[in-house]
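Summary of the model geometry
The primary structure of each chain is shown beneath.
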Amino acid sequence: PELEETASAALAAFLAALKDDSWKDASIAASKGGIVMRSRPTPGKSVLQFRQDNVISGVDASAYEVACRFDTRMKTGDPAMGTAVHLRRYKGSEAGVSIDVICYTTKPKAGGIIGGRCFADVRWNRVTQHQGKAGRKLTQNLSAFFAVPAELAGDITGVGDWLKLAEKDGLVVAKNHLSTGSLVQERFEGGSVFIDRYGISQSDPGGHIPTALLNSATGGAILDIEMAIIGRIKGASLSSSTHSLTPTIWPLEDARLDAVPAEPAQVAEAAQVAEAAQVAPAEEAQPDEGLAESVVVEENPVPAVGWCGFGSPIC
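Residues numbered from 1 in each chain as written. Predicted model: local features only at pLDDT ≥ 70, side-chain atom pairs only at ≥ 80, totals over all residues. Heavy atoms only, no water.

**Topic: the packing of helix α2 (residues 61-68) against helix α6 (residues 211-231)**
Condition: Only the contacting stretch of a helix is used when fitting its axis, a line to C-alpha atoms as for every element, and angles between N-to-C directions run 0 to 180 degrees. In DSSP terms, a helix is any run of H or I states spanning at least four residues, a strand is any run of E spanning at least two, and both are numbered starting from the N terminus. Each angle is binned into one of four classes, with values under 35 degrees roughly parallel, values over 145 roughly antiparallel, values of 65 to 115 roughly perpendicular, and all other values oblique. Definitions for this section: a left-handed crossing has its near helix turned counterclockwise from the far helix by less than a right angle. A right-handed crossing has that turn clockwise. Two residues form a contact once any of their heavy atoms are found within 4.5 Å. Basically, the charged four are Asp, Glu, Lys and Arg, the nonpolar ten are Ala, Val, Leu, Ile, Met, Phe, Trp, Tyr, Cys and Pro, and anything else, Gly included, counts as polar.
At a minimum axis distance of 10 Å, the contact between α2 and α6 shows a crossing angle of 120 degrees. The angle between α2 and α6 falls in the class oblique. In this structure, the crossing between α2 and α6 has a hand that is right-handed. Residues Y64, A67 and C68 of α2 pack against E226, I229 and I230 of α6. Residue composition of the contact of α2 with α6, by class: five nonpolar, no polar and one charged.

The structure is reproduced here in structure tokens:
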């Protein structure tokens with residue numbers, strides 16, 4: 001119950017940040033190929049808050065989410081990803097909601113000047129399907145994520161072991177702040193399906209990275225991650241169209257939770273994940289070994305749609 005309460009607060013913080021009218025006056029941190037990254041200061045935080053807006057064509061929301069997932073990114077040779085493990089899944093009290101506990105690491109950057117990071121995140125997820133134009137069913141994936149609260153870390157099997165192993169391996173513990181989240185929403189227009197992609201990111205990387213350097217580099221780093229993910233999805237491309245800065249979150253009462261199609265990777269063998277997600281595998285995928293294989297957990301289900309890799313500006 002405590003975890004779900006904090007997860008619900010994280011969702012509220014994400015939606016409040018996403019719908020804030022002040023983004024229209026925010027600085028453009030990076031822009032390329034139709035992706036626009038904005039940044040702004042927030043009270044009590046030295047690191048800036050970043051917002052991502054872009055539109056994608058040629059792929060549906062389910063396949064896009066799978067392509068974003070940490071396990072898919074590892075298997076397709078994402079150079080930023082280290083290891084990732086899905087520790088727990090809890091069923092939320094609200095219809096269609098799941099709450100995941102996920103730990104992951106990033107590789108060192110700049111020739112080792114910036115060390116690898118370790119994250120232990122809680123992720124609130126909801127996937128719903130709604131009736132769109134001309135009877136077309138449209139999917140909405142809504143996620144909010146944040147660092148596992150210190151007071152709850154000891155109660156979640158595997159988190160404490162993960163953090164100890166990370167410290168032993170010389171990794172720096174980083175944290176995603178409340179308000180970090182992702183909205184992926186399908187839109188049917190002109191006979192085609194587009195994805196409206198929104199994201200909010202604000203993270204404390206830990207360690208001794210100068211704040212000014214972090215704030216200047218984060219927008220471009222997130223943009224590069226998004227371009228790389230889309231570039232690995234067969235048939236997907238960035239659209240030049242734009243969307244509103246104040247998205248409409250579709251009401252749950254209009255959703256058909258039982259109509260959401262099974263996620264491609266949920267029924268695929270590990271070696272077929274990339275194909276099921278419509279992702280073109282890299283020539284050499286070399287995920288790090290160590291942490292993920294060393295953590296023994298009581299429950300390790302295949303994570304469903306919503307286990308999205310957005311949120312960490314240094315991964």
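**Quick word on the confidence of the model for the protein chain**
Detailed reading of the predicted model is not advised wherever pLDDT is low. We count it as follows: Each residue carries a pLDDT score, the predictor's own confidence in it, on a scale running from 0 to 100.
On average, residues of the protein chain score 80 in pLDDT, and 78% of them are at 70 or above. Across residues 259-274, confidence stays below pLDDT 50; counting only partners more than four residues off in sequence or on other chains, it has 30 contacts. Low pLDDT, under 50, characterises residues 282-315; the predicted model gives this stretch 114 contacts beyond four residues in sequence or across chains.

**Details of the pattern of salt bridges**
Note the cut-off: A carboxyl oxygen of Asp or Glu within 4 Å of a side-chain nitrogen of Lys or Arg is what we treat as a salt bridge. Each residue is assigned to one of three classes by its accessible area relative to the maximum for its type, calculated with a 1.4 Å probe on protein chains only: buried under 20%, partly exposed between the two thresholds, exposed over 50%.
In this structure the tally under the stated criterion is eleven salt bridges. Two residues, R51 and D53, come together in a salt bridge whose shortest N-O distance is 2.6 Å. Residue R51 is classed as buried on the basis of its relative accessible area of 0%. The salt bridge involving R232 is made with D78; its shortest N-O contact spans 3.5 Å. With a gap of 154 residues between them, R232 in the loop between α6 and β13 (237-238) and D78 in the loop between α3 (70-75) and β4 (81-91) connect regions that are remote in the sequence. Residue class for R232 comes out buried when judged on its relative accessible area of 15%. One connected set of salt bridges, linked through shared partners, spans R38, R51 and D53.

**Looking at the side chain of H86**
Short version of the rule: Here a polar contact is taken to be a pair of N or O atoms separated by no more than 3.5 Å, where protein atoms must pair a possible hydrogen donor with a possible acceptor and residues adjacent in sequence count only if both atoms sit in side chains.
Along the polypeptide, H86 turns up in strand β4. Judged by its relative accessible area of 3%, H86 is buried. Polar side-chain contacts of H86 include one of 3.2 Å to the side chain of D100.

**Digging into unusual backbone geometry**
Even without being a glycine, S179 presents a positive backbone phi close to 105 degrees. Take S179: it is sitting in the loop between β9 (175-176) and β10 (181-189).

**So, the environment of D196**
As for its placement among the helices and strands, D196 is situated in strand β11 (residues 192-201). Non-local contacts of D196, meaning those with residues more than four positions away in its chain, are made with N54, V55, L183, V184, Q185, R187 and H243. A distance of 3.1 Å separates the side chain of D196 from the side chain of H243, its partner in a polar contact.

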